[in-house]
Amino acid sequence: MIEQRLARVDLRHYHSQLRSGLTVSTLVLPGFAKTYALLGVRYGSMDTQVPVDGGRRAIPAGTAHFLEHRLFESKDGNAMDRFAVLGASYNAFTDYFQTAYLFSATSEEEACLDHLLTFVQHPYLTAAGVDKERGIIVQELRMYQDMPEHRSWNALLNALYHYHPVRQEIGGSEESVAEITAELLIECHRAFYRPSNMRLVVVGDVDPQAVAALAERAFPEPSGPAPGFQPPAEPTGIRQPRVDTAMAVSVPILEIGFKDPEPSTELRQETATGLMAEALFGESSDLYLELYRLGLITDGFGAQSFTGPGFGLVAVGGETVDPQRLEEELWRGIDTIRKSGLDRTRVERLRRRQIGQFWGLFDRPEALAHAWLGMAFHGQDLFQLPDLLASISVSEVDHRLELLTPAQASVSVVRDAS
Amino acid sequence: MSAFSPLHPQRKEGTQSAISSRLVTHHLSNGIRILLLPSRKFRRRSIMLTCRLRLGSQTAAQALVPAVLVRGSSRVPETLQLRALLDSLYGASLTGAASKLGNAHLLHLRLGCVSDRILPEPIWDKALGLWAEVLREPLIDGDGFHAGYLEEERRSISSELQGIFNNKTEYAQIRMLEAMFEGDPYCQTAYGTIEQLDQTGPQEVAAAYHELLAQAPITVAASGDMDADDMIRQIERLFGDLPGRAGDPYQPPQERPKSTVRRVEEFQPVDQSKLVMGYQVGRHAGDQDRLAARVANAVLGRYPHSLLFRHVREEASLAYYAASQLDLFKGLLIVHSGIDPTKQLAAQQIIEQQVEAVRHGDFSDDELEMTKRALLNELAAQTDRPEAVLGQAYDLDLLGEPYRPELERAALGAISRQDVQRAFSDIALDTVYFMSRPQEAKP
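Once a new chain begins, its residue numbering starts again from 1 and follows that chain's sequence as written. Going through the entries in the order they are written, you letter the chains from A and number the ligands from 1. Only residues with pLDDT of at least 70 are given local features in this predicted model, and only at 80 or more are side-chain atom pairs given and counted; all residues enter the totals for whole chains, interfaces and linings. Hydrogens are left out, water is left out, and the side-chain values use all remaining heavy atoms of the structure.

Quick one: what's the story with the overall build of chain B, residue by residue and with numbers?
In DSSP terms, a helix is any run of H or I states spanning at least four residues, a strand is any run of E spanning at least two, and both are numbered starting from the N terminus. The helix and strand inventory of chain B stands at 15 helices and 13 strands. For 443 residues, the compact-globule formula gives about 22 Å, and the C-alpha radius of gyration of chain B, at 24 Å, lands near that figure. For the C-alpha atoms alone, the extent of chain B along its principal axes is close to 60 × 60 × 40 Å. Burial classification: accessible surface area is computed with a 1.4 Å probe over protein chains only, and a residue below 20% of its type maximum counts as buried, one above 50% as exposed, and the rest as partly exposed. In chain B, buried positions account for 59% of the 443 residues. Here the analysis covers contacts within chain B between residues at least 6 apart in sequence; of these, 79% occur between residues at least 24 apart. About 18,200 Å² of surface is accessible on chain B, with carbon and sulfur atoms providing 50% of the total. Note that the radius of gyration is over C-alpha atoms, with the globule rule given as 2.2 Å times the number of residues to the power 0.38. The contact criterion used throughout is that any non-hydrogen atoms of two residues lie within 4.5 Å. Calculation of accessible area relied on Shrake-Rupley with a 1.4 Å probe; when residues are assessed, cover is drawn exclusively from the protein chains displayed.

Structure below.
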């Protein structure tokens, strides 16, 4: 077990990889009443192929999400009930890279952790159960179809990427979930829910040795290598420059996405990209305040960088009464900065802002666990952030402005259908 | 509950955590109330001023006050300059907001920043100074706030109100409240209405600001690594000179006449229909049944193991979500669900059956026990979220009661099936709102 300390925030991190291949991280927060545990499986909507006999076979979109929904079903009823009996709150989610199961408890933590590590290993998948779940999932997908930010984001990824599976909806479509069967879910569970493909993150005032020992008991045996992920060959250029969506909205949405021709999940590059986006579009930037003054944006406006295996992009936008004008003003602002370069003192201030945000993470166990898990799946170490933020040069940040060219951009607009 | 958990070798039942937090209350001689939660376990410090006005014709003008205040002060007039200063203070946040508590209108001005002990240089005094300055020395332009900022904030809030429809779940709930509380200012959002905003001029906003300073009840709540006496002195230094103000004794929500159920149907081109049902509970925040009412609501629809989720979603597959929420300051319970458009009647029927089930005590011992455990877990976990503790302490202070989580814990544990039934014995369906795609356009 490896120990890391962050003395300033009174935090210790213990890390170990068990014989089974499961990676266990315990972040000790002294004085916290709540224990928050997150079990992540490196299996998300991006994993559109299942390994078979040395090769790979395509699976319908939305399979990881469907499996997450069904995993709570057990032979003796609902696996969630056990958490409820123990007085814990619990949940699960699926995103592009991962499926995660979690609980939060202030007592009976050991029983909760044991249950979390056990139920995910014992799927109870019947044809009847899968059929019933399909109805619930279709309702969920329809709800997303009524959410304009969701539609805009998916349309944007679709316009930026030709083949990379990040362009597919996490939950799939009504057509793709129609193809999902109990047999398929069993096969995917066997392939992806292996300890070598999973990570446990526990945050709270807990004993890291006890956590590791419990995980060791729950996963005693090695179970073969992680399936891995092979991103498809993706052209560096975008698929289409514009995409329009018509639906019921009262205020339109505009988003511009910039596709990174050389994507990398390396933390240094991602941090530099994040600082660049904040410097240009953040709420303390000239551009943000000018757009706000013009009445083109509200508090919801912002930029984010989003990176994973085989893809990387920066997206900026939000709700606006005038998408066309906002787009023009954004391009004008980007042009100006690309000519002048970023203001050095501003980058220095944002460096401090992000260091402050990093320390603030340790007051929020949930946010800390999620940040930790997401980064760990990308091979990143959250604790490196303060040093990185201190050492990144202004010119490195400035260099990331090169991403923001019209040739690499797709524009997604959602307008009212009527 | 376990007496001893191997995951927590140092924690035993009944022992206090090594880094305990205890609420400190204090009143300044001018009537300003102070709530403090000093604790070294947090890395951030925060301080929030809350001022209490009434919802009404001036809701929009009042809500504009915090929005305009955080744009600049007389000493730091440019927003760009103010935000640059906050960035350099390691990302200190200065935010203004408005919320509703029954028919009270709460205005908030909040500062959050990293504790000095973690940073290479102290920042608290500077950050606190900025926070107080935007409130006490705002940017004045003639006899009102800076006209440009006021106009920008008015337009921004207006677009946000306009944009509520983009979030169909929130929109459906607001439409239900508009119907249920027609003629009551509670039917508006905490930011008023677009029409109100259009009619609000600089004089109205200035008047709301002066009411805040001159007479409105004010509470200052702070948490984090701090010395309580020192913090009280700092707050006194900043606000001790404000005029004296009376408290504002709690008034239960007005009894509403029960009549036939109001029904509102709206057609929109949506894929998922929204069913929102408003109930009058007949219990309120100052009621002795309030804790039992919270348990009753939780049995009904707060958790995934509650009746609504189980019966409407899991058994009948009628909905993706079905949940209930309780607002005792308004004596209101809302059930909201996203359903298949063809299943409105079935869903409404099952929801009504679940409310009846709670009212008649028709739920298992296990269901009651799980619900109480979940609420106890939330209560214990609250100590990790200072804003939640201070929020609850604020509500209790308004009721004239101290914050005593250990008493609440005991009372919660003692709630019986009869208590739950009694809490819902007067519950009545008031309004049903349904949004769906027009008949002919169904896919």
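Which residues make up helix H7 (residues 202-214) of chain B, and what values do they have?
All names here are of chain B. The terminal C-alpha atoms of H7, which comprises 13 residues, lie 18 Å apart, in line with the 18 Å expected from a rise of 1.5 Å per residue. Listed in full, the buried residues belonging to H7 are Val205, Ala206, Ala208, Tyr209, Leu212 and Leu213. For H7, the angular spread of the buried residues around the axis is 160°, confining them to a single face. Residue count minus one, scaled by 1.5 Å, sets the expected span of a helix. The arc in question is formed by the directions pointing from the helix axis toward the C-beta atoms.

Would you mind going over the packing of helix H3 (residues 124-136) of chain B against helix H8 (residues 228-239) of chain B in detail, with residue names and values included?
Residues and elements named next belong to chain B. Orientation of H3 relative to H8, taken along the N-to-C sense of each, is 30°, at an axis distance of 11 Å. The angle between H3 and H8 places the two elements in the roughly parallel class. Taken as a pair, H3 and H8 cross one another with a handedness that is right-handed. For the pair H3 and H8, the contacting residues are Trp124, Asp125, Leu128, Trp131, Ala132, Leu135 and Arg136 in the first and Met231, Gln234, Arg237, Leu238 and Phe239 in the second. Charged means Asp, Glu, Lys or Arg here, nonpolar means Ala, Val, Leu, Ile, Met, Phe, Trp, Tyr, Cys or Pro, and polar covers whatever is left, Gly included. Residues belonging to the contact of H3 with H8 are distributed by class as follows: eight nonpolar, one polar and three charged. Only the stretch in contact is used when fitting a helix axis, every axis being a line fitted to C-alpha atoms; angles between N-to-C directions are given from 0 to 180 degrees. Roughly parallel refers to an angle under 35 degrees, roughly antiparallel to one over 145, roughly perpendicular to one between 65 and 115, and oblique to any angle outside these ranges. Left-handed describes a crossing in which the near helix is turned anticlockwise from the far one by less than a right angle; the clockwise case is right-handed.

Residues and numbers for the domain arrangement of chain B, please.
Residue and element names in this part refer to chain B. As assigned here, chain B comprises domain 1 (32-239) and domain 2 (262-440). Domain boundaries shown here were taken from an automatic or database domain assignment. Each of domain 1 and domain 2 has a C-alpha centre, and these two points are 29 Å apart. Contacts between domain 1 and domain 2 engage 30 residues on the former and 33 residues on the latter. The term salt bridge refers to a side-chain nitrogen of Lys or Arg lying within 4 Å of a carboxyl oxygen of Asp or Glu. Seen at the junction of domain 1 and domain 2, the total is four salt bridges. A salt bridge links aspartate 384 to lysine 41, with the nearest nitrogen and oxygen atoms 2.8 Å apart. Counting only elements with at least two residues in the side of domain 1 that touches domain 2, the list comes to strand E2 (33-38), strand E3 (44-54), helix H5 (168-180) and strand E8 (218-224). Per-element accounting of the side of domain 1 that touches domain 2 gives the leading share, ten residues, to H5. Residue composition of the side of domain 1 that touches domain 2, by class: 17 nonpolar, seven polar and six charged.

How would you sum up unusual backbone geometry? Please name residues and give values.
For residues other than glycine, phi is negative in most cases, and the peptide bonds are mostly trans. For A:Glu108, which is not a glycine, the phi torsion comes out positive at approximately 55°. Within the secondary structure layout, A:Glu108 lies in the loop between strand E10 (99-105) and helix H3 (109-119). For A:Glu108, a relative accessible area of 24% gives the class partly exposed. Positive phi, normally seen in glycine, also occurs at B:Tyr90, with a value near 55°. Counting through the fold element by element, B:Tyr90 comes out in the loop between helix H2 (79-88) and strand E4 (93-101).

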